[in-house]
Amino acid sequence: MTQQLRCQICDYTEPVPVHCNQPMHIEKIDGNEKLVCWMGASCGVQDLPSHHDKPMQIEPSG
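The structure reproduced in this document is the subject of the present report. Computed from a predicted model, the values in this text were never measured in an experiment.

Reading the values: the criteria
Residues numbered from 1 in each chain as written. Predicted model: local features only at pLDDT ≥ 70, side-chain atom pairs only at ≥ 80, totals over all residues. Heavy atoms only, no water. Helix = DSSP H or I, 4+ residues; strand = E, 2+ residues; numbered from the N terminus. Buried < 20%, exposed > 50% of the residue type's maximum accessible area, 1.4 Å probe, protein only. Contact = heavy atoms within 4.5 Å. Core = buried A, V, L, I, M, F, W, Y, C linked by side-chain atoms within 4.5 Å. Pairing = 2+ DSSP bridges. Axes fitted to C-alpha atoms, helices over the stretch in contact; angles between N-to-C directions.

### Overview of the overall build of the chain
A tally of helices and strands in the chain yields zero helices and ten strands. Secondary structure of the chain in N-to-C order comes out as β-β-β-β-β-β-β-β-β-β. Based on the C-alpha atoms only, the size of the chain along its principal axes is roughly 35 × 30 × 15 Å. Across the 62 residues that make up the chain, the buried fraction comes to 21%. Sequence separation of 24 or more characterises 35% of the internal contacts of the chain that already satisfy a separation of 6 or more.

### Topic: the nonpolar core
Ranked by size, the top nonpolar core spans six residues in total: Leu5, Val16, Met24, Leu35, Leu48 and Met56. If near-sequence neighbours (up to four positions away) are discounted, Leu35 is found in contact with Leu5, Pro17, Met24, His25, Ile26, Gly44, Val45, Gln46, Asp47, Leu48, Pro49 and Ile58.

### Notes on unusual backbone geometry
Phi is positive for Asn21, close to 65°, though the residue is something other than glycine. Among the secondary structure elements, Asn21 is positioned in the loop between strand E3 (18–19) and strand E4 (22–23). Relative accessible area serves as the criterion here: at 73%, Asn21 is assigned to the exposed category. Of note in this structure, Asp53 is not a glycine but carries a positive phi near 60°. With respect to the secondary-structure elements, Asp53 resides in the loop between strand E8 (50–51) and strand E9 (54–55).

### Here's the deal with the pairing of strand E5 (residues 25–29)
Where E5 lies against strand E6 (residues 32–36), five bridges are found, and the strand directions are antiparallel. Its bridge partner lying in E6, Lys28 is registered against Glu33. Hairpin connection between E5 and E6: a loop of two residues separates the two successive antiparallel strands, and Asp30 in this loop has a positive phi of roughly 50°.

### As for the sheet that holds strand E7 (residues 45–47)
Backbone-to-backbone hydrogen bonds join strands into a sheet, with any given pair of strands oriented parallel or antiparallel. The strand order across the open sheet formed by three strands is E5-E6-E7, and the pairing between neighbours is antiparallel. Looking along the sheet, the strands with just one partner apiece sit at the ends: E5 and E7. Strand-to-strand twist in this sheet, taken as the mean axis angle between neighbours without regard to direction, amounts to 50°. The sheet contact formed by E6 and E7 spans three bridges and is antiparallel. Bridge pairing in E7 places Lys34 opposite Asp47.

Put into structure tokens, the structure is as follows:
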């Protein structure tokens, strides 16, 4: 199952971006949460998408 980003306000979801053939994860970079490649921030970093003016969160898998 593909990991999903979920809006904190509504049920809107979208797939977690993939980098180097793996889903990205959230890390703090310079005090801000960003999506980071599993190979590290030196490989790939993206801003977290937002919905309803709030950053989306990765749904817990399970």
